[in-house]
Amino acid sequence: MNLLLMNMILGNRILDSTIGQGVKNFLNDAVGAAQFIGGIIVLFIFIVVSIKKAREEEQERKRYTNWQIGLVIILILIILAKDIINLVLGYFGGGI
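Quantities reported herein were computed from a predicted structural model and do not represent experimental measurements.

Draft legend 1. Representation of the pattern of salt bridges in the model. Scanning the model with the defined rule gives one salt bridge in all. Between Arg-63 and Glu-60 there is a salt bridge, with the nearest N and O atoms lying 3.8 Å from each other. A residue pair is termed a helical-turn pair when its members lie 3 or 4 positions apart in one helix, as Arg-63 and Glu-60 do in helix H3 (residues 58-79) at three residues. We classify Arg-63 as partly exposed; its relative accessible area is 43%. In this structure Glu-60 comes out as partly exposed when scored by relative accessible area, which is 35%.

As structure tokens, then:
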């Protein structure tokens, strides 16, 4: 228990330092850029899959429908990435 308490205290000192603030700002910017780039990539793949789905016969369309569902789930996770990271880091006394 004391080890956990010491890590929390040291963690707060690191977060309050100049390097800690720089890392926090970098992560904030990196997550925002990754969300933007990842969202564009997923939307592009979704469009390609939709075009391929339109060209296939009925039995092959089920495979592309599963791809589309998976891509929508990935897009939702990309959009919520910053909130998920803040939720996890909130338990450790941090956050972006």
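Alright, that's what it looks like, and here's the rest.
Draft legend 2. Representation of the packing of helix H2 (residues 18-55) against H3 within the structure. Contact geometry for H2 and H3: axes closest at 10 Å, N-to-C directions at 165 degrees. As summarised for this structure, H2 and H3 are arranged roughly antiparallel, according to the angle between their axes. Note on packing geometry: the crossing formed by H2 with H3 is left-handed. Residues Gln-35, Gly-38, Gly-39, Val-42, Leu-43, Ile-45, Phe-46, Val-49, Ser-50, Lys-52, Lys-53 and Ala-54 of H2 pack against Arg-61, Tyr-64, Thr-65, Trp-67, Gln-68, Leu-71, Val-72, Ile-74, Leu-75, Ile-78 and Ile-79 of H3. Here the contact of H2 with H3 is composed, by residue class, of 14 nonpolar, six polar and three charged.

Here is what the cut-offs are and how they apply
- Residues numbered from 1 in each chain as written.
- Predicted model: local features only at pLDDT ≥ 70, side-chain atom pairs only at ≥ 80, totals over all residues.
- Heavy atoms only, no water.
- Salt bridge = Lys/Arg side-chain N within 4 Å of Asp/Glu carboxyl O.
- Helix = DSSP H or I, 4+ residues; strand = E, 2+ residues; numbered from the N terminus.
- Buried < 20%, exposed > 50% of the residue type's maximum accessible area, 1.4 Å probe, protein only.
- Axes fitted to C-alpha atoms, helices over the stretch in contact; angles between N-to-C directions.
- Parallel < 35°, antiparallel > 145°, perpendicular 65-115°, else oblique.
- Left-handed = near helix turned anticlockwise from the far one by under 90°.
- Contact = heavy atoms within 4.5 Å.
- Nonpolar A, V, L, I, M, F, W, Y, C, P; charged D, E, K, R; others polar.

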